[in-house]
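Spelled out, the chains give:
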Amino acid sequence: MNCSITELRNKEVINGKTGCRLGCVSDVEIDTCSGCIVSIIIWGKGRCLGLIKGNDDIKIPWKDIEVIGDDTIIVCCDISCQPCRSSSQRRSFIDSLFK
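Since this is a predicted model, take the numbers as computed values, not measurements.

**Focus on the overall build of the protein**
If you tally the helices and strands in the protein, you get two helices and seven strands. The linear arrangement of helices and strands in the protein, starting from the amino end, is α-β-β-β-β-β-β-β-α. Buried positions account for 22% of the 99 residues belonging to the protein. Considering only contacts in the protein between residues 6 or more positions apart, those separated by 24 or more positions represent 36%. When the accessible area of the protein is evaluated, it comes to approximately 7,300 Å², of which 53% is carbon and sulfur surface.

Listed below in structure tokens is the structure:
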């Protein structure tokens, strides 16, 4: 099965070791000499409406990819995920902006 870079983008990336959701593929790094993909990149979560960079980007080497499915990519790496705010925490934060 072949997969284009366009199809690769926005697939959800899951760490197979921890079961943690790392984010979605935002970009790829390509070796311009060989034309091979070197790594996939997941952009860090932005803060302040995405204007100020928050967490660091995650770069996952191509060799660490276990499975590429229709919607999900399973990787085997030692990257841990940061716990996300719960929806109630996000809602209360958003509500506080409009008070």
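Back to the text.
**Quick word on the sheet that holds strand β1 (residues 12-15)**
The strand order β2-β1-β7-β6 describes an open sheet built from four strands, whose pairing is mixed. Looking at the sheet topology across the chains shown, the edges are occupied by β2 (21-24) and β6 (65-68). Strand-to-strand twist across the sheet, computed as the mean angle between neighbouring axes with direction ignored, equals 20°.

**What about the nonpolar core?**
Of all hydrophobic cores here, the largest spans 13 residues; its most connected members are Val 13, Leu 22, Ile 40, Ile 42, Ile 60, Ile 73 and Val 75. Elements supplying a minimum of two residues to this core: β4 (37-42), β5 (58-61) and β7 (72-75).

**Topic: unusual backbone geometry**
It is generally the case that most residues other than glycine have a negative phi and that most peptide bonds are trans. Phi at Asn 10 is positive, roughly 70°, even though this residue is not glycine. Relative to the assigned elements, Asn 10 resides in the loop between α1 (5-8) and β1.

**Overview of the sheet that holds strand β3 (residues 27-30)**
The sheet built from three strands is open, its strands ordered β3-β4-β5 with antiparallel pairing. At either margin of the open sheet sits one strand with a lone partner, and together these are β3 and β5. The average angle at which neighbouring strand axes cross in this sheet is 25°, direction not considered. Sheet topology places β4 next to β5; four bridges connect them, and they run antiparallel. In the sheet register, Ile 42 faces β5, and the bridge partner there is Ile 58.

Criteria and thresholds
Counting of residues starts from 1 at the beginning of each chain's written sequence and follows it residue by residue. Confidence filtering applies because this is a predicted model: local features only for residues at pLDDT of at least 70, side-chain atom pairs given and counted only at 80 or more, and all residues used for totals across whole chains, interfaces and linings. Hydrogens and waters are ignored; side-chain quantities use all the structure's heavy atoms. For helices the rule is a DSSP run of H or I covering at least 4 residues; for strands it is a run of E covering at least 2, with both sets numbered from the N terminus onward. Exposed residues in this analysis have more than 50% of their type's maximum accessible area, buried residues have under 20%, and partly exposed residues fall in between, with area computed by a 1.4 Å probe over protein chains only. Contacts are assigned to residue pairs with any non-hydrogen atoms lying within 4.5 Å of each other. The protein chains shown are the only cover counted for residues, whose accessible areas, like all others here, come from Shrake-Rupley with a 1.4 Å probe. Only strands that DSSP links by at least two bridges are regarded as paired with each other. Here an axis means a line fitted to C-alpha atoms, over the contact stretch when the element is a helix, while the angle between two N-to-C directions is reported on a 0 to 180 degree scale. Side-chain atoms within 4.5 Å are what join buried Ala, Val, Leu, Ile, Met, Phe, Trp, Tyr and Cys residues into a set we call a nonpolar core.

Honestly, it's all geometry; don't read function into it.
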